[in-house]
Amino acid sequence: MNEGLRNDWTIEEINDIYNLPLLELVHRAATIHRQYNDTGEVQVCTLLSIKTGGCSEDCAYCPQAARYNTGVNVQALMKKEEVLEYARKAKDAGSTRFCMGAAWREVRDNRDFDRVLDMVKGVNEMGMEVCCTLGMLTESQAERLAEAGLYAYNHNLDTSSEYYGEIITTRTYDDRLKTLDNVRKAGVTVCCGGIIGLGEKHDDRIRMLHTLATLPEHPESVPINALVAIEGTPLADQPRVDVWDMVRMIATARILMPATMVRLSAGRAQMSVAEQAFCFMAGANSIFAGEKLLTTPNPSFDDDMKMFDLLGLTARKAFKEEMINI
Ligand code: SAM
Ligand code: DTB
Ligand code: SF4
């Protein structure tokens, strides 16, 4: 753990931060953000669903779970060449991280995994940070991904351990933590966050942030997603997430994990530029760009670049930490 970073936060301390008057919370988060990061920079990541739908899990929010009728078309694993073409386009548009998502419960040691390893190699050779989100991983699978050049692995805790069973029953919180540990041991950076708007209480959000901020090392990136309510899933009728709840979550994450990239993730398509600006002020410094997240709409590259111009933001370079150390 770097100097100044704490991983001994208590629930009470986090509760006090999370419940500060909103503008006081944002002010404190913005101050810490300025101490640790270049606040004019936002990381631009592009997502691609390389294998879509038909997933065996029962995640109550997910359009890709086979058991819910959501209208998502099942698509087998994409071809490497096609994936590399997407990555090239994303790079040309200014994206520095490329994240490939698969609707798998876990990785299996089969030909599909070999193909994903090849994709990782290809994207890495393009000079982009490569990220994958493929479900649960064993230690040896994490090592093989690391050898192929994987830079980050996304695996979300989604909510508190207490509320987890209300959202997913086909795996446990400990399964998630085990994969995160395997990723860490393989030397791949950890991207781990959650979703708000699942029907959880504020206390569940505080507990999830507590779990993240008290891991042996803070995740290098923490995506904060607002639920995209999908017709056909058990959470279809959840009310839209209040933007101030997003701001509160981002600001608290920023204060607890000052050097982490906090990503304003799903939900941007429903937010105004002013609302997103507040999230950047509160410490968000990463977004997913490109017209689609995995299966749902996202603002266009052009609209995002207009927003960056308006707010005076620039895209962060790839492999920034390494460049500083050279
Ligand atoms: N199957 C793998 C897994 O579950 O780890 C990887 C893909 S999964 C779609 C990646 C993450 O997307 C989930 O952990 C969840 O946090 C997020 N997600 C999925 N559906 C969402 C939705 N409707 N709204 C917001 N976030 C969502
Ligand atoms: C993350 O935290 N959010 C992204 C990414 N990691 C994989 C996924 C959001 C998915 C939103 C619903 C969809 O587009 O299918
Ligand atoms: Fe499957 Fe991941 Fe969706 Fe859960 S979140 S149903 S594991 S694709």
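Basis of the calculations
- Residues numbered from 1 in each chain as written.
- Chains lettered and ligands numbered in written order.
- Predicted model: local features only at pLDDT ≥ 70, side-chain atom pairs only at ≥ 80, totals over all residues.
- Heavy atoms only, no water.
- Near = heavy atom within 4 Å.
- Polar contact = N/O pair within 3.5 Å; in protein donor to acceptor, adjacent residues only side chain to side chain.
- Areas by Shrake-Rupley, 256 points an atom, 1.4 Å probe, with all protein chains shown as cover.
- 1 Å grid on protein atoms, 1.4 Å probe; cavity = no way out; pocket = protein on both sides within 12 Å on 5 of 7 lines; lining within 4 Å.
- Sits in = over half its atoms within 2 Å of the grid points.
- Nonpolar A, V, L, I, M, F, W, Y, C, P; charged D, E, K, R; others polar.
- Points joined across faces, edges and corners; volume = space filled by probe spheres on them.
- Helix = DSSP H or I, 4+ residues; strand = E, 2+ residues; numbered from the N terminus.
- Phe/Tyr/Trp six-rings, centres within 6.5 Å; stacked < 30°, edge-to-face > 60°.
- Buried < 20%, exposed > 50% of the residue type's maximum accessible area, 1.4 Å probe, protein only.
- Lys NZ or Arg CZ within 6 Å of the ring centre and 35° of its normal.
- Patch = residues over 30% accessible without salt bridge, like charges linked within 9 Å, V, L, I, M, F, W, Y side chains within 5 Å.
- Salt bridge = Lys/Arg side-chain N within 4 Å of Asp/Glu carboxyl O.
- Contact = heavy atoms within 4.5 Å.
- Disulfide = S-S within 2.5 Å.
- Pairing = 2+ DSSP bridges.
- Right-handed = clockwise from strand over helix to strand, strands pointing away.

A. Structural detail: the site of ligand 1. Taken together, the neighbourhood of ligand 1 is formed by 19 residues, with Tyr 61, Asn 156, Asp 158, Arg 176 and Val 228 sitting nearest. A distance of 2.9 Å separates an oxygen atom of ligand 1 from a polar side-chain atom of Arg 176. Bound to the protein, ligand 1 loses 90% of the 560 Å² it would expose on its own. If you map ligand 1 onto the pockets, it falls in the largest cavity. Per-class residue counts for the shell around ligand 1 are 11 nonpolar, six polar and two charged.

B. Molecular detail of the layout of surface pockets. Considering only enclosed or pocket space, the second largest pocket measures out at about 490 Å³ in volume. Taken together, the elements giving at least two residues each to the lining of the second largest pocket come down to strand E1 (41-51) and helix H3 (80-92). The class makeup of the residues in the lining of the second largest pocket is 12 nonpolar, seven polar and four charged.

C. Region of the structure containing the packing of aromatic side chains. Across all of its chains, the model carries two aromatic pairs by this definition. Between Tyr 164 and Tyr 173 the ring centres are 5.1 Å apart and the planes differ by 75°, which places this aromatic pair in the edge-to-face class. Side by side, Tyr 164 and Tyr 173 carry an identical accessibility label, which is buried. Centroid distance Trp 244 to Phe 278: 5.0 Å. Interplanar angle 85°. Geometry classified as edge-to-face. With Trp 244 in helix H9 (residues 243-256) and Phe 278 in helix H10 (residues 273-281), this residue pair connects regions lying 34 residues apart in the sequence. By relative accessible area, which is 26% here, Phe 278 ends up partly exposed. Cation over ring: Arg 263 sits above Phe 288, and NZ or CZ is 5.0 Å from the ring centre.

D. Up close: a nonpolar patch on the surface. Side chains of Val 273, Leu 310 and Leu 311 sit close together on the surface and give an oily, nonpolar patch of about 250 Å² of accessible area. Within the element layout of this structure, Leu 311 appears in helix H11 (residues 301-311).

E. Spotlight on the side chain of Thr 52. Within the secondary structure, Thr 52 sits in the loop between E1 and H3. By relative accessible area, Thr 52 is classed as buried at 7%. Setting aside anything within four residues of it in sequence, one finds Thr 52 in contact with Gln 64, Val 72, Asn 73, Val 74, Gln 75, Ala 103 and Thr 295.

F. Expanded view of the site of ligand 2. The environment of ligand 2 is formed by Leu 47, Pro 63, Thr 133, Asn 154, Asn 156, Pro 223, Asn 225, Phe 288, Leu 293, Leu 294, Thr 295 and Thr 296. Note that a nitrogen atom of ligand 2 is positioned 3.3 Å from one of the side-chain N or O atoms of Asn 154. When isolated, ligand 2 has an accessible area of 400 Å², and the protein chains bury 89% of it. For ligand 2, the cavity whose grid points lie within 2 Å of the majority of its atoms is the largest cavity.

G. Region of interest: the state of the cysteines. All chains considered together, the criterion is met by zero disulfides. Cysteine Cys 191 is unpaired, with the sulfur of Cys 131 as its nearest cysteine sulfur at 5.3 Å. The buried category is assigned to Cys 191, whose relative accessible area is 1%. Left without a disulfide partner, Cys 279 is nearest to the cysteine sulfur of Cys 45, which lies 16 Å away. Looking at Cys 279, the relative accessible area reads 0%, which means it is buried.

H. Spatial organisation of the pairing of strand E8 (residues 261-264). Where burial is concerned, the two faces of E8 agree: the one with Met 261 and Arg 263 and the one with Val 262 and Leu 264 are both buried. Of the strand pairs in this sheet, strand E7 (residues 221-226) and E8 are connected by four bridges, and their pairing is parallel. Bridge pairing in E8 links Ile 224 to Leu 264. Handedness of the crossover joining E7 and E8 through H9 is recorded here as right-handed.

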